[in-house]
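# Breakdown of the fold
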Amino acid sequence: VGDRRALRGVRSGELARGMRVGHVAIVCLADVPDGPLLGRDANNVLSAVRVAQPGQLYHHHLDRLKWVDDLIAAHGVRRALTAGDVRAAHAAGEPAIILDIEGLDFLEKKLERLEESYQRGVRTMQLVHYTPNDIGDFQTGQVVHNGLTAFGADVIRACNRLGVVIDVAHGTADLVKQAGSVATKPLLLSHTALRGSKAQGQTSLTERQITPDHARMIADTGGSIGIWHFFAT
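In this report, we go over the structure that sits alongside the text. Per chain, the residues get numbers from 1 upward, laid out in the order the sequence is written. Totals for whole chains, interfaces and linings use every residue, but because this is a predicted model, local features are given only for residues with pLDDT of at least 70 and side-chain atom pairs only at 80 or more, for both listing and counting. The side-chain quantities take in all heavy atoms of the structure and omit both hydrogens and water.

## Focus on unusual backbone geometry
- Unusually for a residue other than glycine, His23 sits at a positive phi of about 55°.
- Secondary structure elements follow DSSP: runs of H or I of four or more residues count as helices, runs of E of two or more count as strands, with numbering from the N terminus. Considering the arrangement of structural elements, one finds His23 in the loop between α1 (12-21) and β2 (26-31).
- Remark: exposure states derive from per-residue accessible area (1.4 Å probe, protein chains only) relative to the maximum for the residue type, with buried under 20%, exposed over 50%, and partly exposed in between. Take His23: its relative accessible area is 74%, and that puts it in the exposed class.
- One non-glycine residue, Glu108, adopts positive backbone phi at about 50°.
- With respect to the helices, strands and loops of the structure, Glu108 is situated in the loop between β6 (96-102) and α4 (112-119).

Following this line, the structure appears as structure tokens:
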């Protein structure tokens, strides 16, 4: 399974050829709906430096979904919608993609957009990213919701009903704790590292790392944690 790869700036043909040459069965492609708003601060940390216009991030998200549609139609890449699809792609040696959203900022409190994304092939959804939204608090931002909002709980229930993997990466410990109490399926924390681990290097992104208690919250749901490296180079 390949690392996530942001869709922006990558030509679909280049991705398809690279997967075949590298014998990569599965890549998780991450749509980043708040991408148009992001810039880097003095510590080189991403944050929202612009304010979205109504509907802007939704239309940006739809454009990224079309990019994936074109990839599949033009380059013979499969769409992995189930665990069986992943196994079949690996057995056939043909490239496939799992479509992920990194931050549900495009919902704008419209829950029907979540189901629309599911129908378009999205199977993992990260609740928050680097931009304040109506779902909950994120690790590198100001705490305004004290964790998960009521709308965020509705999003989790909808994901569980549809069969979407809920990713709590970037979420605060309070968000993760509250998400665990609402979710009826295992949670994913796709990219982080253990704070203070000797295996990690110096980083300005300490807040993106988690404590053992934070990790145990994921384990208690039967979920998984993906390790993200923090090294100087």
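Now that the structure has been shown, the text picks up again.
## Some words on the packing of α1 against helix α2 (residues 56-75)
- Between N-to-C directions, angles cover 0 to 180 degrees, with each direction set by a line fitted to C-alpha atoms, over the stretch in contact for helices. For the pair α1 and α2, interaxial distance at closest approach is 9 Å and the crossing angle is 55°. Judged by the angle between their axes, α1 and α2 are oblique. Where α1 crosses over α2, the two elements pack in a sense that is right-handed. Packed against α1, whose contacting residues are Ser12, Gly13, Leu15, Ala16 and Arg20, the element α2 presents Trp67, Leu71 and His75 at the interface.
- Gly falls in the polar group here, along with every residue not listed as nonpolar (Ala, Val, Leu, Ile, Met, Phe, Trp, Tyr, Cys, Pro) or charged (Asp, Glu, Lys, Arg). Along the lines of polarity and charge, the residues of the contact of α1 with α2 split into four nonpolar, three polar and one charged. Throughout this description, any angle smaller than 35 degrees is read as roughly parallel, any larger than 145 degrees as roughly antiparallel, any in the 65 to 115 degree range as roughly perpendicular, and the remainder as oblique. Crossings are classed by handedness, with left-handed meaning an anticlockwise turn of the near helix from the far one by less than a right angle and right-handed meaning a clockwise turn. It only takes one pair of heavy atoms within 4.5 Å for two residues to be counted as in contact.

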